[in-house]
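# Per-entry structural report
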Amino acid sequence: MRKIAVGTALITLTLTAAPAPAAAHPPVGGGGPAALSPLARQLARQPLPAGDGWAAAGPGTTGGAAASPDQVHVVTSRAELVAALGSDNPKIVYVKGTIDGFEGADGRLLDCTDLADPGYSLDAYLAAYDPAVWGRAAPSGPVEEARLRSVSNQTRHTQVEVGSNTTVIGLRGARLAGLTLMIDRVSNVIVRNITFDDARDCFPAWSPTDGETGNWNSQFDQISVRRSENVWIDHNTFTDGDNPDRAQPSYFGRPYQVHDGSLDITHTASLVTVSWNRFDGRDKVMLIGSSNTVGPDVDRLKVTLHHNLFDRSSQRLPRVRFGQVDVYNNAYRLGGESFEYAIGVGVQSAVYAENNHFTLDAGIGAADLLYNWDGTAITTRGNWAKPAGGAARPVDLVAAYNVVHDPDLSPDAGWTPALRHGPVLPAPLVPLVVGPLAGADRLPL
Ligand code: CA
Ligand code: CA
């Protein structure tokens, strides 16, 4: 367990309230569903509790709770995962061990050169689009076209489509590496107890007009939710593993970014609950709404985030456009050179941020926690911040922001969340509970 800055008595109390410890339920030994523990069977059929956030709206979210016995799968390879997730039948898919999106048909791991189009190499790309030669126009021509074909190759390999009426749940230690779960044009999906590790893009794009001096951008989120409803993402860990951004080189004076979002919810998706997840040392975490166009996203993008731990992640915690987004009882540990902001207030967004707790490193103040991406308002109530070397105390996020920034944000986002399950904790308790209990391998599978 990670060291957290609280008394051991409190940790003991918190863990007493936790689900049964892992030691009581050793990993299953066999390969098939017959070897699953009673608790693993029970958790896989657990629906989202009534009233637990936006994913409880409408028909609610049951995932694969109604799966027949022949629709319960234990998968250990990429090919098995792809086959098991594809249908719309009610189904339960247990992930066992590590499955890597780069697994080839023979189980051998492919590398980026295996997926590259013959016309693409990074050296050729750098030579063609160096701003000193190419200027500040978007890349075009044969090398860019070859990069796009390479991206398509990778998409076919590392992006895995999830059908409707699915619960995908990790057995202890389950890990999806180098892989994107694509939840697109479906409904009723549950994802629990999985570590998502390093969904890297082999073929980042140079975007010369992104920012003052251009930027490298990637695709391949760890989970993408698009054009879908009733999705519950619970007790997962999101990490870059042994491939952190700081290990990447710089090209054209900008960091070569091979990672995109942890959990992006875009393209009219709605009714999503994101609970008890751990976002560990990532850059772009959660984009809710990807376009400023006032169109089909209006009245969509309704998401609840509760009891998540944002641990040393840099931005988009979350960043919101259009949606009514409830952000309560989340724990933030913010710091490091790459920190940008926590909650992004975008076009027509309506974030309600209540009883969250922010632990801040030196150099980060309460005024740095919001960022205005052309929004107008956010409701903030009962949040606390603990500055470096100081005691935790209540913080008015909007007032702190408005002192330093213009234009001011209004403190009323115009709605009050109704869909919450269980008591809302006072902010000072949030890090004590969320710290040890959020993330994969906390549920007793
Ligand atoms: Ca994305
Ligand atoms: Ca101001």
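The rules behind each value
- Residues numbered from 1 in each chain as written.
- Chains lettered and ligands numbered in written order.
- Predicted model: local features only at pLDDT ≥ 70, side-chain atom pairs only at ≥ 80, totals over all residues.
- Heavy atoms only, no water.
- Donors = N, O, S within 2.8 Å, 3.2 Å for Na, K, Ca; no water.
- Buried < 20%, exposed > 50% of the residue type's maximum accessible area, 1.4 Å probe, protein only.
- Helix = DSSP H or I, 4+ residues; strand = E, 2+ residues; numbered from the N terminus.
- Pairing = 2+ DSSP bridges.
- Contact = heavy atoms within 4.5 Å.
- Phe/Tyr/Trp six-rings, centres within 6.5 Å; stacked < 30°, edge-to-face > 60°.
- Lys NZ or Arg CZ within 6 Å of the ring centre and 35° of its normal.
- Polar contact = N/O pair within 3.5 Å; in protein donor to acceptor, adjacent residues only side chain to side chain.
- pLDDT = per-residue confidence, 0-100.
- 1 Å grid on protein atoms, 1.4 Å probe; cavity = no way out; pocket = protein on both sides within 12 Å on 5 of 7 lines; lining within 4 Å.
- Points joined across faces, edges and corners; volume = space filled by probe spheres on them.
- Nonpolar A, V, L, I, M, F, W, Y, C, P; charged D, E, K, R; others polar.
- Salt bridge = Lys/Arg side-chain N within 4 Å of Asp/Glu carboxyl O.

## Considering the coordination of the calcium ion (ligand 2)
- Listed as protein donors to the calcium ion (ligand 2) are Asn402 (O), His405 (O), Asp406 (OD) and Asp408 (OD); their distances from the metal cover 2.2 to 2.5 Å.
- Here the donor residues of the calcium ion (ligand 2) are spaced in sequence according to N-x2-H-D-x1-D.
- The exposure class of asparagine 402 is buried, given its relative accessible area of 17%.
- Histidine 405 gets classed as partly exposed once you look at its relative accessible area, which sits at 26%.

## Digging into the pairing of strand β25 (residues 331-334)
- Burial along β25 is two-sided: the face carrying Ala331 and Arg333 and the face carrying Tyr332 and Leu334 are both buried.
- Across three bridges, the pairing between strand β22 (residues 309-311) and β25 is parallel. Directly across from phenylalanine 310, in β25, lies its bridge partner tyrosine 332.
- Where β25 meets strand β28 (residues 357-360), four bridges bridge the pair, whose relative direction is parallel. Within the sheet, the bridge partner assigned to arginine 333 lies in β28 and is threonine 359.

## Side note on the coordination of the calcium ion (ligand 1)
- For the calcium ion (ligand 1), the full set of protein donor atoms is Asp221 (OD), Asp221 (OD), Asp260 (OD) and Asp264 (OD), and the range of their distances to it is 2.3 to 2.7 Å.
- The sequence pattern formed by the donor residues of the calcium ion (ligand 1) is D-x38-D-x3-D. Separated by 39 residues along the polypeptide, aspartate 221 in the loop between β11 (215-217) and β12 (223-226) and aspartate 260 in the loop between β16 (254-255) and β17 (263-266) bring together distant segments of the chain.

## Thoughts on the environment of valine 162
- Tracing the backbone through its elements, the reader meets valine 162 in the loop between β4 (159-161) and β5 (166-170).
- Taking the C-alpha atoms as reference points, valine 162 and aspartate 184, 22 residues apart in sequence, are found 7.4 Å from one another.
- Setting aside residues up to four positions removed in sequence, valine 162 forms contacts with Leu85, Leu181, Met182, Ile183, Val186 and Val189.

## Some details on the packing of aromatic side chains
- Per the stated rule, a full pass over the model turns up 21 aromatic pairs.
- Ring centres 5.3 Å apart and planes at 90° place the aromatic pair tyrosine 120 and phenylalanine 203 in the edge-to-face group. Of this pair, tyrosine 120 sits in the loop between α4 (112-115) and α5 (122-129) while phenylalanine 203 sits in the loop between β9 (195-197) and β10 (205-207), placing them 83 residues apart in sequence.
- Among the aromatic residues, those joined into a cluster by ring pairs are Tyr120, Tyr125, Tyr129, Trp134, Phe203, Trp206, Trp216, Tyr251, Phe252 and Tyr256.
- Against the face of tyrosine 328 rests arginine 420, its NZ or CZ located 4.4 Å from the ring centre.

## Observations concerning the environment of arginine 420
- Structurally, the position occupied by arginine 420 is in the loop between α8 (397-404) and α9 (430-437).
- With 296 residues separating them in the primary sequence, arginine 420 and alanine 124 have C-alpha atoms 52 Å apart.
- Residues contacting arginine 420, with those up to four places away along its chain left out, are Gly51, Gly53, Asp326, Tyr328, Tyr352 and Glu354.
- At 2.9 Å, the side chain of arginine 420 and the side chain of aspartate 326 are in polar contact.
- Of note is the side chain of arginine 420, whose polar atom sits 2.7 Å from the side chain of glutamate 354.

## Notes on α9
- Of all eight residues in α9, eight are buried, a share of seventy percent or more.
- What α9 keeps buried is the set Val430, Pro431, Leu432, Val433, Val434, Gly435, Pro436 and Leu437.

## A short note on the confidence of the model for the protein chain
- Taken residue by residue, the protein chain gives an average pLDDT of 93. The fraction at 70 or more is 93%.
- With pLDDT under 50 throughout, residues 1-30 is counted as low confidence; its partners more than four residues away or in other chains account for 36 contacts.

## What to know about the layout of surface pockets
- When its volume is computed, the largest pocket comes out at roughly 870 Å³.
- Along the wall of the largest pocket there are 31 residues; nearest its centre are Gln257, Asp283, Gln315, Ser338 and Glu340.
- When residues of the lining of the largest pocket are assigned to their parent elements, the largest contribution, three residues, is made by β11.
- In the lining of the largest pocket, the residues fall into seven nonpolar, 10 polar and 14 charged.

## Some thoughts on the pattern of salt bridges
- One pass over the full model with this rule turns up 16 salt bridges.
- In this structure, the salt-bridge partner of arginine 147 is glutamate 144, at a minimum N-O distance of 2.9 Å. Placement of both arginine 147 and glutamate 144 in helix α7 (residues 142-158) is noted, with a separation of three residues, approximately one turn of the helix. As far as burial versus exposure is concerned, arginine 147 and glutamate 144 are alike and both buried.
- In this structure, aspartate 240 and arginine 282 form a salt bridge, with 2.8 Å as the shortest nitrogen-oxygen distance. In this pair, aspartate 240 sits in the loop between β14 (237-239) and β15 (250-251) while arginine 282 sits in the loop between β19 (278-280) and β20 (287-288), placing the two residues 42 residues apart along the sequence. Here aspartate 240 matches arginine 282 in class, with each residue buried.
- Each of Asp326, Glu354, Arg381 and Arg420 takes part in salt bridges that share partners, so that together they form one network.

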